[in-house]
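What follows is the residue order along each chain.
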Amino acid sequence: MELNLIIKKLGLSRDVCSQDFLLKFFESFFADRQGITNLDPQLAQFENIKVLNLSHNKICRIEHLPPKLKELELTGNRISEVQTFRTPLTSLVHLGLSYNKVKNGELAVICKNFPNLFCLDIANNELTEFKTCLKWLEE
């Protein structure tokens, strides 16, 4: 909504419609129930996104995240795999993964990729060994 108001005030402008402008403009993005199946490599180019909500889609793998992301909500997807990042995403403090297909082994990858998590919602996944899960979360 905010972008539409700015465009109306400025009129049609090539600068506003450019890829460079759009990649820098957004700080939050919500696309709930849109049938999204994967996280495209271009997602990582949105350098100012801090909040990303892609709940209730069909995403199977966490990958290609924006560099300044603080909150990632992926509730109700099909997440079963997390890409191992070259460098951890230290800005992420909230990760919502309830109602997915996360298994025990992926918790170690999550903890390694996102070392500064304050909140991790992993309710209703395919976690079976509670003591092993706690061990990864404690490290």
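It should be emphasised that the depicted structure is a prediction, and the values quoted were computed from it without experimental measurement.

S.K.: What is the right way to look at the overall build of the protein in this model?
M.R.: Within the protein, the secondary structure is distributed over four helices and seven strands. Starting at the N terminus, the α and β elements of the protein follow one another as α-α-β-β-β-β-β-β-α-β-α. Counting only residues that meet the buried cut, the protein has 33% of its 139 residues in that class. Considering only residue pairs separated by 6 or more positions, the protein has 35% of its internal contacts joining residues 24 or more positions apart. For the protein, the accessible area works out to roughly 8800 Å², and carbon and sulfur atoms hold 53% of it.

S.K.: Please clarify how the side chain of N77 should be interpreted in this entry.
M.R.: Checked against the element boundaries, N77 lands in the loop between β4 (71-73) and β5 (81-82). Ignoring anything within four residues of it in the chain, the contact list for N77 reads L54, S55, H56, N57, K58, I59, Y99 and N100.

S.K.: Sorry, what's going on with the environment of L134 here?
M.R.: Within the secondary structure, L134 is located in helix α4 (residues 130-138). Considering only alpha carbons, one finds L134 and L107, 27 residues apart in sequence, at a separation of 9.4 Å.

S.K.: Sorry if this is basic, but what is going on with the layout of surface pockets here?
M.R.: Where empty space is left can be seen by rolling a probe of water-molecule size over the atoms. Its volume calculated, the largest pocket comes out at about 220 Å³. Together, H64, L65, P66, P67, Q83, T84, F85, R86, T87, P88 and L89 line the largest pocket. Here the lining of the largest pocket is composed, by residue class, of six nonpolar, four polar and one charged. Taken together, F26, F29, I36, N38, L39, D40, Q42, L43, F46, I49, L52 and L54 make up the lining of the second largest pocket. Looking at the lining of the second largest pocket residue by residue, the classes come out as nine nonpolar, two polar and one charged.

S.K.: Can you help me understand the side chain of N48 in this one?
M.R.: For N48, the location among the structural elements is in the loop between β1 (28-30) and β2 (51-53). On the basis of relative accessible area, N48 is assigned to the buried category, the value being 18%. Of the polar contacts made by the side chain of N48, one reaches the backbone oxygen of K24; its length is 2.8 Å.

S.K.: Sorry, what's going on with the environment of N38 here?
M.R.: Within the fold, N38 resides in the loop between β1 and β2. Residue N38 is classed as partly exposed on the basis of its relative accessible area of 47%. Along the primary structure N38 and I79 are separated by 41 residues, whereas in three dimensions their C-alpha atoms are 10.0 Å apart.

Thresholds, definitions, all that
- Residues numbered from 1 in each chain as written.
- Predicted model: local features only at pLDDT ≥ 70, side-chain atom pairs only at ≥ 80, totals over all residues.
- Heavy atoms only, no water.
- Helix = DSSP H or I, 4+ residues; strand = E, 2+ residues; numbered from the N terminus.
- Buried < 20%, exposed > 50% of the residue type's maximum accessible area, 1.4 Å probe, protein only.
- Contact = heavy atoms within 4.5 Å.
- Areas by Shrake-Rupley, 256 points an atom, 1.4 Å probe, with all protein chains shown as cover.
- 1 Å grid on protein atoms, 1.4 Å probe; cavity = no way out; pocket = protein on both sides within 12 Å on 5 of 7 lines; lining within 4 Å.
- Points joined across faces, edges and corners; volume = space filled by probe spheres on them.
- Nonpolar A, V, L, I, M, F, W, Y, C, P; charged D, E, K, R; others polar.
- Polar contact = N/O pair within 3.5 Å; in protein donor to acceptor, adjacent residues only side chain to side chain.

So far we have only geometry, and geometry alone does not tell us how the molecule works.
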